[in-house]
Amino acid sequence: MPEIQRLLDNNIQWADATMARDPEFFDTLSKQQSPMYLWIGCSDSRVPANQIVDLLPGDIFVHRNVANLVVHTDFNCLSVLQYAVDVLQVKHIIVCGHYGCGGIDAALGDESLGLIDNWLAHIKDIAALHHDELAELSGEAKTSRLCELNVMTQAKNVAKSSIYKDAIQRGQAIKIHSWIYSLRNGKLKNLAENI
Ligand code: CO
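Given the structure is predicted, the values throughout are model-derived calculations rather than measurements. (Residues numbered from 1 in each chain as written. Predicted model: local features only at pLDDT ≥ 70, side-chain atom pairs only at ≥ 80, totals over all residues. Heavy atoms only, no water.)

Asker: Describe the coordination of the cobalt ion, with residues and values.
Answerer: Bound to the cobalt ion are the protein donor atoms Cys-42 (SG), His-98 (NE2) and Cys-101 (SG), situated 2.0 to 2.3 Å from the metal. Positions of the donor residues of the cobalt ion, expressed as sequence spacing, correspond to C-x55-H-x2-C. Placement of Cys-42 in strand S1 (residues 37–42) and of His-98 in strand S3 (residues 92–98) is noted, with a sequence separation of 56 residues between them. With respect to burial, Cys-42 and His-98 carry one shared label: buried. (Donors = N, O, S within 2.8 Å, 3.2 Å for Na, K, Ca; no water. Helix = DSSP H or I, 4+ residues; strand = E, 2+ residues; numbered from the N terminus. Buried < 20%, exposed > 50% of the residue type's maximum accessible area, 1.4 Å probe, protein only.)

Asker: Summarise the domain arrangement of the protein chain; cite the residues concerned and give the values.
Answerer: The domains assigned to the protein chain are domain 1 (1–31) and domain 2 (34–193). Placing the centre of domain 1 and that of domain 2 at their C-alpha centroids yields a distance of 30 Å. (Domains from an automatic or database assignment.)

Asker: Explain the sheet that holds S3 to me, and be specific about the residues and the numbers.
Answerer: Within a sheet, neighbouring strands are paired by backbone hydrogen bonds and run either parallel or antiparallel to one another. Taken in spatial order, the five strands make up an open sheet running S2-S1-S3-S4-S5, and their pairing is mixed. The open sheet has two edge strands with one neighbour each: strand S2 (60–65) and strand S5 (188–193). Direction aside, neighbouring strands of the sheet carry axes that sit 25° apart on average. As judged from the seven bridges shared by S3 and strand S4 (residues 175–181), these two strands associate in the parallel manner. (Pairing = 2+ DSSP bridges. Axes fitted to C-alpha atoms, helices over the stretch in contact; angles between N-to-C directions.)

Asker: Explain unusual backbone geometry to me, and be specific about the residues and the numbers.
Answerer: Across residues other than glycine, the phi torsion is negative in most instances, and most of the peptide bonds are trans. Despite not being glycine, Ala-67 shows a phi value in the positive range, around 70°. Along the chain, Ala-67 turns up in the loop between S2 and helix H4 (75–87). Looking at Ala-67, the relative accessible area reads 0%, which means it is buried.

So, in structure tokens, the structure goes:
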């Protein structure tokens, strides 16, 4: 299984190179983490959180799922959000989508893909809510716009959560950011802040 051995070999090289640059790196990180950012992004392999914002291990707390959804009954996402806000006391929550998202594209189609259809139903709801605007568009433009609308909706879902509302009531300073990433040029776009 050379494809697996490659990863283990890469890991040794990476750990050694990191130690060579900063001998205290792992020792410091093993004792605590105090990331300033929470990242809620898509599982897409082309949108790796740390890499695209050039941050090191320890700098960003990450939750990823298909199409970067924040669903109010998803205890996985809510647990990440609660831990990040209450315990780690992150200062920024970044909801990051990306153009060309397969989840968004699938939600615009009628094909049945199995269990994931239930997850994508959340995106179909957003499309229904913005039906008139989306009806004017087609093809890539339509998918791109729904990618944007989805990010902003998920950021609003963060803002509507009891976790965020309680934190704001306590006077905690947290900003929510809606970002979208382009697979074509590797650049992020800021769509909205604190919506
Ligand atoms: Co995606």
